[in-house]
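So the chains spell out like this:
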Amino acid sequence: MSPPLFALLLLLFAAAVAPPTPLDTALRPEATGMGGPGGSAATPTRGTAPPKSSATAPPRGTAPPKSSATAPPRGTAPPKSSATAPPRGTAPPKGTAATPTKRTEPGRTGSAAPTRGGPGPKAPAPRKKIVRVKVVRKKVLKKKRPKAPTKGTTAPQEQPCPPLGLESLRVQDSQLRSSSEKRYGLGAHRGRLNIQSGLYDGDFFDGGWCAGQEDAGQWLEVDARRLTNFTGVITQGLNSIWTYDWVTSYKVQFSNDTHAWRPCRNGTEDAVFPANKDPETPVLNALPCPAVARYIRINPQSWFENGTICLRAEVLGCALPDPNNIYQWPHDPVPTDKLDFRHHNYKEMRKLMKRVSEECPNITRIYSIGKSYLGLKMYVMEISDNPGQHEVGEPEFRYVAGMHGNEVLGRELLLNLMEYLCREFRRGNPRVVRLVTGTRIHLLPSMNPDGYETAYRLGSELSGWAMGRWTYEGIDLNHNFADLNTALWDAEDNDLVPHEFPNHYIPIPEYYTFANATVAPETRAVIDWMQRYPFVLSANLHGGELVVTYPFDMTRTYWKAQELTPTADDGVFRWLATVYATSNLAMASEERRLCHYDDFMRSGNIINGANWHTVPGSMNDFSYLHTNCFEITVELSCDKFPHVSELPAEWENNRESLLLYMEQVHRGIKGVVRDEDTGEGIANAIISVDGINHDVRTAVDGDYWRLLNPGEYEVTARAEGYEAATRPCRVSFENVPTPCSFRLERRRPRGRGPPDLQLRLHRHRLRRLRAQRRAP
């Protein structure tokens, strides 16, 4: 058989035996023996037949035909007639076997690669990329005040379980134990988050727990009194103005009987938690192994090198039902009022106020008295039967909360009070209907909105004792009002009051009105608010203690930190403070313990502000000396920022107090001072009470209100251009104002007298003159 015939049969046999090869795999570079850029595009894989369009390799011992595009032997250069694929877009040269090309995928090449050992063809020239440049014009803006970050403030991350209540005093002293203590004032009962120390070193009640020994075996133990799922621990250092002490790391242990303790583990080792770097900043550590137990211990491992083992703590945990106890665990009373018990940031506060106004449009009005430094509006809710209108004879009352931004309970109580008054008025509650129809009520829930948003971002347990207290500018609003006390007391010492220096409506000093005076925009807004409305009674809601204070807040002896400094209306102020304190469930409880170090229970939970600590420039003193309004301060809770789970109980504690205190605006006398001839009201008429060196003035319509205790009084009304009038007024023990109105006669101008009298005198002189002339 001839060799060409044999070769032809061999090729037919190989094509019949070999499996078919997909078209796309034969064309891809990685489908070849070398794969990718290094392999030949004309060399098929082993055992596969080349596609019809490719040039096949001849059998061994035969010379390839001239027109074939076979791969040359290893180490030789490809012949000129090799079928190399031309670059994309160019025609193949004449005499070559053009290999059909396929659109290559990104990152792959469509040109033929050289065989092993042989130099490959030149790579095709890369395509030029078209780069488009986008020109953006930027506007150059002038630097403005920082925008308020609060409108989009995110809520703090809620922990899965609430605090047990070391800070809020729900955990009693008997539930706290320790391995040792330095002294009683630094015992385990003082290891509560945010507890404050006294002013003196070695105080009987100090600012934290301190171990009596310095070793890693010390511990502070909390008894939850029931099975609890412990999830986290919050720690602080010692609160002291004399020493710096805090724990830098600790371990946590659990037990059900205080004998067998198991540590909290992080895998196979005992977990060591990082603690504090300064005395005041709270540090939260979530437990990697939440454990169910009754007792928990905090075991310090390291502490500040120049200090000792001292800490304050709060424990997070969820109470669990006890299957071994058939009796239900006593719970706090559940409020019957379906109110919105949660913390409201600026955005949520506006939504709630708007919702209340839409529910009761006939008795509510929302208005703004100004803006904070960051531009947040200071909203007020007015509740009255004729909102937006002052009615003659109807007193005006106000509640102010949030002067210190981190003292948030007053803010939530006023928001709940708005809801309560609206819903009870719609239900026809006679007490609320009488209060709303007879009083014009103004509620300012947030006097320092910038400070609140700062504390809100950190949350109830991590905001500490002072974060958010001040405004964005760092101003304490309770020390930012004009000092009118000093001017009054200097005038009294020189016997100038009330003849040459007034005992009321004392003008604001000139230095306070300068543009460069350190006066916060929030303070200016409140002063303008006081001057626009004839407020009679007010309360300023704070937090951090359980006590009611009354003016004066500033000591008369300037160098004393504490001094009893009463006002001329001390009896009235003591009554007002007692009304709130005795009706507040938390203050009236005989089982409550001290919040920090002052025992106010001995004085009925009320105290003269200056006798507690001096506060120059307080809003209470300014309100009393510059306007007709009597104002007290209410410290609502030991915890400045209570957890959301405690808000329902706090509403129950304060609901009756809030209502009863508002009703005191009707205590005393009221009336209208009118012109005797025209019957119109006389504005700015002075109302004086015999024996009380403090006067009040009438409003624009001539009406006035004077808070007095029960008794009989001589009341005098005087106005410029009118004769003064005096009358007796008796105040009863019932909480109903005694009407005491006046009609004043215009003062006659001093001169010759009326015309008829002048004519008679003239005739008398003429007769005398004629008689003298007739005489000899």
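Above this text you will find the structure in question.
Residues numbered from 1 in each chain as written. Predicted model: local features only at pLDDT ≥ 70, side-chain atom pairs only at ≥ 80, totals over all residues. Heavy atoms only, no water.

### Overview of the overall build of the protein
Right, so step 1: Scanning the protein for helices and strands turns up 14 helices and 26 strands.
Right, so step 2: Considering the protein as a whole, with its 776 residues, one finds that 46% of them fall into the buried category.
Right, so step 3: Within the protein, contacts between residues at least 6 apart in sequence are counted, and of these 75% link residues at least 24 apart.
Right, so step 4: Here the protein has roughly 41,200 Å² of accessible surface; of this, 53% comes from carbon and sulfur atoms. (Helix = DSSP H or I, 4+ residues; strand = E, 2+ residues; numbered from the N terminus. Buried < 20%, exposed > 50% of the residue type's maximum accessible area, 1.4 Å probe, protein only. Contact = heavy atoms within 4.5 Å. Areas by Shrake-Rupley, 256 points an atom, 1.4 Å probe, with all protein chains shown as cover.)

### Description of the pattern of salt bridges
Right, so step 1: In this structure the tally under the stated criterion is 37 salt bridges.
Right, so step 2: Between K640 and E407 there is a salt bridge whose closest N-O contact spans 3.6 Å. Of the two residues, K640 is situated in the loop between β18 (630-635) and α13 (647-663) and E407 in the loop between β13 (396-401) and α4 (409-427); the sequence distance between them amounts to 233 residues. With respect to class, K640 is no different from E407; both count as buried.
Right, so step 3: When salt bridges with common partners are traced through the structure, they connect D340, R342, E348, K351, R355, E359, E419 and R423 into a single cluster. (Salt bridge = Lys/Arg side-chain N within 4 Å of Asp/Glu carboxyl O.)

### Considerations on empty space enclosed by the protein
Right, so step 1: Counted by the stated rule, this structure contains 4 cavities of 30 Å³ or more.
Right, so step 2: Its volume calculated, the largest cavity comes out at about 70 Å³.
Right, so step 3: Lining the largest cavity, in full, are L166, E167, L169, R192, L193, N194, I195, W465, R593, C595, H596 and C638.
Right, so step 4: When its residues are assigned to classes, the lining of the largest cavity shows 7 nonpolar, 2 polar and 3 charged. (1 Å grid on protein atoms, 1.4 Å probe; cavity = no way out; pocket = protein on both sides within 12 Å on 5 of 7 lines; lining within 4 Å. Points joined across faces, edges and corners; volume = space filled by probe spheres on them. Nonpolar A, V, L, I, M, F, W, Y, C, P; charged D, E, K, R; others polar.)

### Notes on the pairing of β18
Right, so step 1: Extensive coverage of β18 is indicated by the burial of 6 of its 6 residues.
Right, so step 2: Both faces of β18 are covered, namely the face carrying F630, I632 and V634 and the face carrying E631, T633 and E635.
Right, so step 3: Where strand β16 (residues 547-550) meets β18, 3 bridges bridge the pair, whose relative direction is antiparallel. Bridging across to β18, T549 finds its partner in T633. (Pairing = 2+ DSSP bridges.)

### Remarks on the state of the cysteines
Right, so step 1: Applying the stated rule across the entire model yields 6 disulfides.
Right, so step 2: Disulfide pairing places C729 opposite C740 at an S-S distance of 1.8 Å. Measuring handedness by torsion sign, the sulfur bridge of C729 and C740 sits at about 40° and is right-handed. Taken as a pair, C729 in strand β24 (residues 725-731) and C740 in the loop between β25 (738-739) and β26 (742-744) lie far apart in primary sequence, 11 residues in all. Of the two residues, C729 and C740, neither departs from the other in class, the shared state being buried.
Right, so step 3: Indicated for the protein is the disulfide connectivity 1-6, 2-5, 3-4, 7-8, 9-10, 11-12, based on numbering the bonded cysteines in sequence order. (Disulfide = S-S within 2.5 Å.)

### Observations concerning the nonpolar core
Right, so step 1: Y399, M447 and W529 are the most contacted members of the largest nonpolar core, which totals 98 residues.
Right, so step 2: With 9 residues, α4 is the largest single contributor of residues to this core.
Right, so step 3: Setting aside residues up to four positions removed in sequence, W529 forms contacts with Y367, I369, V380, R398, V400, H442, L444 and F535.
Right, so step 4: Membership of the second largest hydrophobic core comes to 29 residues, among which are F230, V233, F273 and A293. (Core = buried A, V, L, I, M, F, W, Y, C linked by side-chain atoms within 4.5 Å.)

### Remarks on the sheet that holds strand β23 (residues 711-718)
The strands that make up a sheet pair up through hydrogen bonds in the backbone, lying either parallel or antiparallel.
Right, so step 1: Strand order in the open sheet formed by 4 strands is β21-β20-β23-β24, with antiparallel pairing between adjacent strands. What marks the edges here is a single partner per strand, and that holds for β21 (692-697) and β24. The sheet shows a mean angle of 30° between the axes of neighbouring strands, taken without regard to direction.
Right, so step 2: Judged from the 7 bridges that link them, β23 and β24 form a sheet pairing that is antiparallel. For E714, the partnering residue across the bridge sits in β24 and is P728. (Axes fitted to C-alpha atoms, helices over the stretch in contact; angles between N-to-C directions.)

### What to know about the sheet that holds strand β12 (residues 377-383)
Right, so step 1: A sheet is described by the order of its strands in space; here 8 strands give the open sequence β11-β12-β14-β13-β15-β18-β16-β17, paired in mixed fashion. Both edges of this open sheet fall to β11 (364-371) and β17 (606-608), since each of them pairs with a single strand only. Put simply, the sheet's adjacent strands are angled 20° from each other on average, direction ignored.
Right, so step 2: Sheet analysis places β11 next to β12, joined by 6 bridges and oriented antiparallel. Within the sheet, the bridge partner assigned to R365 lies in β12 and is E382.
Right, so step 3: Running at roughly 130° to β11, helix α8 (residues 521-532) makes contact with β11, β12, β13, β14 (440-444) and β15 (535-542) of the sheet.
Right, so step 4: Lying over the sheet, helix α12 (residues 619-626) contacts β13, β15, β16 and β18, oriented at roughly 165° with respect to β18.

### Regarding the packing of aromatic side chains
Right, so step 1: For the coordinates displayed, the defined rule picks out 21 aromatic pairs.
Right, so step 2: An angle of 70° between the planes, with centres 6.3 Å apart, marks the rings of Y580 and Y661 as edge-to-face. Taken together, the positions of Y580 in helix α9 (residues 570-583) and Y661 in helix α13 put the pair 81 residues apart, joining distant regions of the chain.
Right, so step 3: Under the relative-accessibility criterion, Y661 is labelled buried at 0%.
Right, so step 4: Taken together through their ring pairs, the aromatic side chains of W489, F552, F573, Y624 and F630 make up a single cluster.
Right, so step 5: The positively charged end of R297 is found above the aromatic ring belonging to W219, 3.6 Å away from the centroid.
Right, so step 6: The ring of F535 carries R398 above its face, with NZ or CZ at 4.8 Å from the centroid. (Phe/Tyr/Trp six-rings, centres within 6.5 Å; stacked < 30°, edge-to-face > 60°. Lys NZ or Arg CZ within 6 Å of the ring centre and 35° of its normal.)

### Concerning the packing of α9 against α13
Right, so step 1: Between α9 and α13, whose axes approach to 8 Å, the crossing angle comes to 155°. As far as their axial angle goes, α13 and α9 are roughly antiparallel. The two elements α9 and α13 meet at a crossing, and its hand is right-handed. Here α9 contributes L576, V579, Y580 and S583 to the contact with α13, which in turn contributes N653, N654, E656, S657, L658, L660 and Y661.
Right, so step 2: Here the residues of the contact of α9 with α13 are counted per class, giving 6 nonpolar, 4 polar and 1 charged. (Parallel < 35°, antiparallel > 145°, perpendicular 65-115°, else oblique. Left-handed = near helix turned anticlockwise from the far one by under 90°.)

### Focus on a positive patch on the surface
Right, so step 1: A surface patch of like charges, here positive, comprises K347, R350, K371 and K377.
Right, so step 2: Turning to its location among the elements, K371 is positioned in strand β11. (Patch = residues over 30% accessible without salt bridge, like charges linked within 9 Å, V, L, I, M, F, W, Y side chains within 5 Å. Lys, Arg positive; Asp, Glu negative; His and termini not counted. Charge placed at Lys NZ, Arg CZ, Asp CG, Glu CD.)

### Comments concerning the environment of W612
Right, so step 1: Assignment of secondary structure puts W612 in helix α11 (residues 609-612).
Right, so step 2: Judged by its relative accessible area of 14%, W612 is buried.
Right, so step 3: Taking the C-alpha atoms as reference, W612 lies 7.7 Å from E563; in sequence the two are 49 residues apart.
Right, so step 4: Beyond its immediate stretch of four places on either side in the chain, W612 contacts E545, V547, T549, Q562, D598, F600, I607 and E635.

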